[in-house]
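What the coordinates show
What follows is the residue order along each chain.
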Amino acid sequence: MAMNEPKTYFIRTYGCQMNELDTEIMAGQLHKKGLIAASDEENADLLIFNTCSIRDLAERKVMGKLGRMGRGHKRNQVIGVTGCMAMAKKESLFRKFPHLDFVIGTNNITDLGTVLDEVLYTKRQIVKTDDRFEENLDYLVAKRDNKIKAFVSIIRGCDKFCTYCVVPYTRGQEVSRPPESIVEECKKLVDAGYKEITLLGQNVNSYGKDQPEWNCLFHDLLGKLDKIPGMERIRFMTSHPIDITKELMEAIRDLPSMCEFVHFPIQAGSSRILKKMHRIYTKEQYLEKVALLREIVPNVSLGTDIIVGFPTETEAEFQETYDVLKDIRYSLAFIYAYSPRKGTPAMRWKDDIPEEVKLDRLQRLMALQDEVSNEERARMLGNTYEVLVERFNKDGKMLKGRTRCWKKVIFDGDESLIGTLQQIKVHSFSHETLIGELAKPQGHLKVI
Ligand code: SF4
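Each chain has its residues counted from 1, running along the sequence as written. This being a predicted model, a pLDDT of at least 70 is required before a residue's local features are given, and a value of 80 or more before pairs of side-chain atoms are given or counted; all residues contribute to the totals for chains, interfaces and linings. Hydrogens and water molecules were not included; the side-chain quantities draw on all heavy atoms of the structure.

1. A word on the overall build of the protein
Formally: Under the scheme used here, helices are H or I runs from DSSP no shorter than 4 residues and strands are E runs no shorter than 2 residues, and both carry numbers assigned from the N terminus. Radius of gyration here is computed from C-alpha atoms only, and the compact-globule reference equals 2.2 Å multiplied by the residue count raised to the power 0.38. Two residues form a contact once any of their heavy atoms are found within 4.5 Å. For every accessible area listed, the method is Shrake-Rupley and the probe measures 1.4 Å; residues are considered covered only by the protein chains on display. Counted as positive: Lys and Arg. Counted as negative: Asp and Glu. His and the chain ends are not counted at all. Charge coordinates come from a single atom per side chain, which is NZ of Lys, CZ of Arg, CG of Asp or CD of Glu.
Check the secondary structure of the protein and you find 13 helices and 19 strands. Here the C-alpha radius of gyration of the protein, 23 Å, is about what a compact globule of 448 residues would show, namely 22 Å. Summarising its shape, the C-alpha atoms of the protein cover approximately 65 × 55 × 50 Å along the three principal directions. Put simply, 72% of the contacts in the protein that link residues at least 6 apart link residues at least 24 apart. Entry remark: accessible area of the protein is about 19600 Å², with carbon and sulfur atoms responsible for 53%. Side-chain charges in the protein split into 67 positive and 65 negative, and the spacing between the mean points of these groups amounts to 3 Å.

What follows is the structure, encoded as structure tokens:
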């Protein structure tokens, strides 16, 4: 067991944006304690794996790594596991990996500093995995590498209990963050020059429901943030369709900083399968909401998540999913084949759809979505869009950014444009990337 006071740290992050933000907050806490970031795992005195449990593969990756480390464990390196796998497996990780020093759950990242001190001075393995999140996290310490876009957490946990999902068991109940604390953080970010803020939560649309006395639901919070002087762009993820309200749709239409992109996970097109997934809405109810959203925000772009091959899904029910994708014509779709997750209610059902059938359904949906996305890109040719310029693309030749509708765009321009909003006329595309040119002579103009 390592005893020297660590001087450097490295955090390996797996999974979703919530984990990325938790990593930024932990990095900020360690900086406050005087540690500096190491260049890689090898050279770090303190090594943290911030883990994901959404799929079996994500866990096996970390377990494999921890196992290999055990055989050649670097003396004096402090090793810890945080995130959803820490919540799911708790102290059982010590039995499997005796070289592990601490396990901190998703609801206890605020305790990283004290846990580290305890490990160093008690020479014992420490585990901290409370089931409920206490709203005492210092979000303002977050150490962000990106200076243009920032994630801001507004609610943690999820109360939906979809039968295939581990999140309610690894991140606990929904706990909303006080609106003043969110407004304060967003003000600081805007003053620091951030142009885009993405509000994060497993289910952001439930914001404020657990604190009725605040009288501040999600659309109210958006109204407060939009009023912050200098606020350019607000995005949010992820939404549960049941909580997408007419008021939220109107906020997207009426608040200038709200980007017209909504991630609207349907998961399946059959109401029988949706019931089995415990998604709490039918296909018809979902389609009604999409129609209302498109009526209120005509230029809105939609993204979605879909699971194919859920237990007992018939070919006809898969066809319903296919038809929904064909009718709604999403701008973006994340499509997965069902894989059973330990600790979820769906584990009680036999995983009865053969892998080759799952693969076939996956490929048919992806082919359809490629068609739909290409059509959408073709419709964008010749039009001009506001783009937030983020950085140079991989080969460093062109600038890269995203439209308000989450479309990737590259164009010629120099470094001075990074971090500004520019108007780009689109003239072609390659795969998922639109290619354009500055619609106006180079300069720092904000355009609508
Ligand atoms: S809404 Fe469902 S899928 Fe999303 S995090 Fe909650 S339980 Fe998981």
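2. Quick look at the packing of helix α11 (residues 283-296) against helix α12 (residues 315-328)
So the rule is basically this: Here an axis means a line fitted to C-alpha atoms, over the contact stretch when the element is a helix, while the angle between two N-to-C directions is reported on a 0 to 180 degree scale. Note on terminology: angles under 35 degrees are roughly parallel, angles over 145 are roughly antiparallel, angles of 65 to 115 are roughly perpendicular, and the others are oblique. The nonpolar class holds Ala, Val, Leu, Ile, Met, Phe, Trp, Tyr, Cys and Pro. Asp, Glu, Lys and Arg form the charged class, and all remaining residues, Gly among them, are polar.
Following both chains from N to C, one finds α11 and α12 inclined at 5 degrees, their axes separated by 12 Å at the closest point. Here α11 is positioned roughly parallel relative to α12, judged by the angle of their axes. Together, K283, Y286, L287, V290 and R294 of α11 and E320, V324 and I328 of α12 make up the contact between the two elements. Residue composition of the contact of α11 with α12, by class: five nonpolar, no polar and three charged.

3. Let's talk about the packing of aromatic side chains
Selection criterion: Each Phe, Tyr or Trp ring, with Trp reduced to its six-membered ring, pairs with another whose centre is within 6.5 Å; inter-plane angles below 30 degrees give stacked pairs, above 60 give edge-to-face pairs, and intermediate values give tilted ones. The buried label goes to any residue with under 20% of its type's maximum accessible area, the exposed label to any with over 50%, and the partly exposed label to all in between, with areas taken from a 1.4 Å probe on protein chains only. Two thresholds decide whether a charge sits over a ring: the Lys NZ or Arg CZ must be within 6 Å of the ring centre and within 35 degrees of the ring normal.
Scanning the model with the defined rule gives nine aromatic pairs in all. Pairing Y164 with F310 gives two aromatic rings, centres 6.3 Å apart and planes at 85 degrees, and the pair type is edge-to-face. With Y164 in the loop between β8 (155-156) and α6 (167-170) and F310 in the loop between β13 (301-308) and α12, this pair connects stretches of sequence that are 146 residues apart. The two residues Y164 and F310 agree in class, both being buried. Each ring, one from Y207 and one from W214, has its centre 6.3 Å from the other, and the planes form 40 degrees; the classification is tilted. Given the relative accessible area of 25%, W214 is considered partly exposed. The structure contains a cluster of three or more aromatic residues connected by ring pairs, namely Y164, F310, Y338 and W349. Seen from the ring of Y139, R177 lies directly overhead, with NZ or CZ sitting 3.6 Å from the centre.

4. Here's the deal with the pattern of salt bridges
A pair can form between side chains of opposite charge whenever their charged atoms are brought close. Inclusion rule: By definition, a salt bridge exists where a carboxyl oxygen of Asp or Glu is found within 4 Å of a side-chain nitrogen of Lys or Arg.
A complete count under the given rule lists 35 salt bridges for this structure. Among the salt bridges present, the one from D243 reaches K160, with a minimum N-O distance of 2.9 Å. One end of the pair, D243, is in the loop between β11 (233-237) and α9 (246-254); the other, K160, is in the loop between β8 and α6, with 83 residues separating them in the sequence. Like D243, the residue K160 is buried in the burial classification. With a shortest N-O distance of 3.1 Å, E196 and R235 are connected by a salt bridge. Placement of the pair is E196 in strand β10 (residues 196-200) and R235 in strand β11, with a sequence separation of 39 residues. The exposure classification of E196 matches that of R235, with both residues buried. Several salt bridges converge on common partners, so that one network encompasses E196, R233, R235, E260, E386 and R404.

5. Brief notes about the site of the ligand
So the rule is basically this: Put simply, a residue is near a molecule or strand once any heavy atom of it comes within 4 Å of that molecule or strand.
Around the ligand sit C158, K160, F161, C162, Y164, C165, V167, P168, Q202, H240 and R279, and that is every residue in its neighbourhood. Looking at the shell around the ligand, its residues break down into seven nonpolar, two polar and two charged.

6. As for the domain arrangement of the protein
Applied cut-off: What fixes the domain bounds is an automatic or database domain assignment. Here the quantity called buried area is the total loss of accessible area, with a 1.4 Å probe, experienced by two parts when brought into contact, counted for both.
Each assigned domain of the protein is listed here: domain 1 (8-128), domain 2 (137-379) and domain 3 (381-438). The straight-line distance from the C-alpha centre of domain 1 to that of domain 2 is 28 Å. Taken together, the contact between domain 1 and domain 2 spans 27 residues of the former and 24 residues of the latter. Buried area between domain 1 and domain 2, summed over both chains or domains, comes out near 2300 Å², and the portion from carbon and sulfur atoms is 60%. Counting the contacts that link domain 1 with domain 2 gives five salt bridges.

7. Here's the deal with the nonpolar core
Applied cut-off: By nonpolar core is meant a set of buried Ala, Val, Leu, Ile, Met, Phe, Trp, Tyr and Cys residues that side-chain atoms within 4.5 Å join together.
In terms of nonpolar packing, the biggest core is built from 68 residues, with L199 and L225 touching the most fellow members. By size, the runner-up hydrophobic cluster in this structure holds 29 residues, among which are M26, V115, V119 and L137.

8. Comments concerning the environment of E184
Within the secondary structure layout, E184 lies in helix α7 (residues 179-191). Along the chain, E184 and I228 lie 44 residues apart, while their C-alpha atoms are 9.7 Å from each other.

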